[in-house]
Structures are given as C-alpha cells and as structure tokens.
Amino acid sequence: MSRIGRLPIAIPAGVTVEIAENNVVTVKGPKGTLSRELPVEMEIKKDGETIVVTRPNDLKKMKSLHGLTRTLINNMVIGVTEGYKKVLEVNGVGYRAAKSGNKLTLSLGYSHPVEMIDPEGVETVLEGQNKITVQGIDKEKVGQYAAEIRDKRRPEPYKGKGIKYSDEVIRRKVGKTGKK
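Being a predicted model, the structure only gives us computed values, none of them experimental. Residue indices begin from 1 for each chain and proceed along its sequence in written order. Under the rules for a predicted model, residues below a pLDDT of 70 receive no local features and side-chain atom pairs below 80 are neither given nor counted, while totals for whole chains, interfaces and linings still include all residues. With hydrogens and water set aside, each side-chain value is computed from the structure's full complement of heavy atoms.

## A closer look at the environment of Gly-121
Part 1 of the argument: Put simply, DSSP marks the helices as runs of H or I at least four residues long and the strands as runs of E at least two long, and each gets a number from the N terminus on. On the secondary structure map, Gly-121 appears in the loop between β10 (114–117) and β11 (122–127).
Part 2 of the argument: Per-residue accessibility, obtained with a 1.4 Å probe over protein chains only, is compared with the maximum for each type, and a residue is labelled buried under 20%, exposed over 50%, and partly exposed between these values. Exposure remark for Gly-121: the relative accessible area of 53% places this residue in the exposed category.
Part 3 of the argument: C-alpha separation for the pair Gly-121 and Gly-136, spaced 15 residues apart in sequence, amounts to 6.0 Å.

This is the structure we're talking about:
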C-alpha cells in the first residue's frame, strides 16, 4: 500500500473541497480557489472533514498515481490556506533586482536589463535589491516561476555570482593558481 497515498487529507476550517465528475477537484479557501483535473482511475471520497484517495488495483501505474493524486490534493489545500513561497538571492557586484507594477527588472551583468512579468496567480516581492520572494497559492506555478528567474543567471562555482535559492548550497571550486 502506498505510504503517502493511504494517508487521509485533513480539511482545515474555512476550506471547502468539491469533487465533480472526471475527478475535477476544486478547493476554495481564504487565499483563493484552485481547481485541477486528477487521474480518473483514482477514487476520491470526501469523508466528513477528510479526503481519502483509493486505487482500483495494484498495477505499477496505479501505485504511482495513488501517491501523486493524494499529494496534489494536499498541495492545493495547503496552497489556499498558507500559500507557497520561494526566496531567491541575487549575488554579485552590480547585480540587482527592481520592481515596478507586476514587472521584475533584473540587472545581471548583461548588456541589457532582463525584464520578467509576473504570471497570473504569482507575485514577486523585493526585500532590498538582492532578495526576491516569489509567492502564490499554486505550488507548481511558484516553483516554475522561481526556476525561470534563477535560469536568467545561474550561480557559478568560482565566485558564487548569480541567482540562487536562499536554501541552496553552491559547491565552490578553487580558481586558477599562478606559476611558481
């Protein structure tokens, strides 16, 4: 039995979960509404204040879908109650970030400033000039946008310049050594 899939999902107060046909699950909460179509093979039941996901048989595909389906619903519940956020740090001389409206402007040592527009449902907040917080209710969108920002200038191993996640550890390398 899937260790994650068999765990019931507790529905916190102030959150409503609706399960329509074709396993379209809609979760409404204090921060907003999320809707997602989940695999039809899985059986999603609302049982009082919990949601239980069951699988029809023990085929490999069903086993993998079981835990995935439960985790996706759980992520939606957490998203509408607490929300998700990822913190990025911009390191490097002259590297900085600026924000105007929903446009994020990054100066990353290129000949031009890099401009990015926040996608729908995702917001970026700046703390100073080198800390970017990406936040929203959809875990997938938050993670994807944070990854896109990081891709504009990945951290390099010699000086550690670039955009990195706040909890990321950059493996440093030793630079050139002179002749003796």
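## Remarks on the packing of aromatic side chains
Between two aromatic rings, the relevant description is the distance of the centres plus the angle of the planes.
Part 1 of the argument: A pair of Phe, Tyr and Trp rings is counted when the ring centres sit within 6.5 Å of each other, with Trp represented by its six-membered ring. The angle between the planes then sorts it: under 30 degrees is stacked, over 60 is edge-to-face, the rest tilted. Applying the stated criterion across every chain, the model contains zero aromatic pairs.
Part 2 of the argument: For Lys-86, the ring lying beneath its charged end belongs to Tyr-165, and the centroid distance is 5.1 Å.
Part 3 of the argument: In this analysis the charged atom, NZ for Lys or CZ for Arg, is taken to sit over a ring once it is within 6 Å of the ring centre and within 35 degrees of the ring normal. Cation over ring: Arg-153 sits above Tyr-110, and NZ or CZ is 4.3 Å from the ring centre.

## What to know about helix α2 (residues 139–151)
Residue pairs three or four apart in sequence face the same way in an α-helix, which turns once every 3.6 residues.
Part 1 of the argument: Spanning 13 residues, α2 covers 18 Å between terminal C-alpha atoms, matching the ideal 18 Å at 1.5 Å per step.
Part 2 of the argument: If you check which residues of α2 are buried, you get Val-142, Gly-143, Tyr-145, Ala-146, Ile-149 and Arg-150. Relative to the axis of α2, the buried residues are bounded by an arc of 165° and lie together on one face.
Part 3 of the argument: Two residues form a contact once any of their heavy atoms are found within 4.5 Å. On its buried side, α2 packs onto β7 (84–91), β9 (103–107), β10, β11, β12 (131–136) and β13 (162–165). The span expected for a helix works out to 1.5 Å for each residue beyond the first. An arc is given here, and it is the one of the directions from the helix axis to the C-beta atoms.

## A word on the sheet that holds strand β5 (residues 43–47)
Part 1 of the argument: Read across the sheet, three strands follow the order β1-β6-β5 without closing on themselves; strand pairing throughout is antiparallel. One side of each edge strand has no neighbouring strand; the edge strands of this open sheet are β1 (9–10) and β5.
Part 2 of the argument: Throughout, an axis means a line fitted to C-alpha atoms (over the contacting stretch in the case of helices), and angles, computed between N-to-C directions, take values from 0 to 180 degrees. Against the sheet, helix α1 (residues 60–81) engages β1, β5 and β6 (50–54), with an angle of about 160° to β6. Strand pairing is assigned whenever DSSP detects at least two bridges linking the two strands.

## What to know about the sheet that holds β9
Part 1 of the argument: Spatially, the three strands line up as an open sheet ordered β8-β9-β10, and their pairing is antiparallel. In this open sheet, the two strands that pair with only one neighbour each are β8 (96–100) and β10. Averaged over all adjacent pairs, the angle separating strand axes in this sheet is 20°, with direction ignored.
Part 2 of the argument: Sheet topology places β9 next to β10; four bridges connect them, and they run antiparallel. The residue bridging Leu-104 from the neighbouring strand is Met-116, located in β10.
Part 3 of the argument: With respect to the sheet, α2 is in contact with β9 and β10, its orientation differing from that of β10 by roughly 175°.

## So, the environment of Glu-49
Part 1 of the argument: Note that Glu-49 resides in the loop between β5 and β6.
Part 2 of the argument: Its relative accessible area of 53% is what places Glu-49 among the exposed residues.
Part 3 of the argument: Distance in space between the C-alpha atoms of Glu-49 and Pro-8 is 9.7 Å, their sequence separation being 41 residues.
Part 4 of the argument: Apart from residues no more than four positions distant in its own chain, Glu-49 is found in contact with Ile-9, Ala-10 and Ile-11.

Read these as geometric descriptors, not functional statements.
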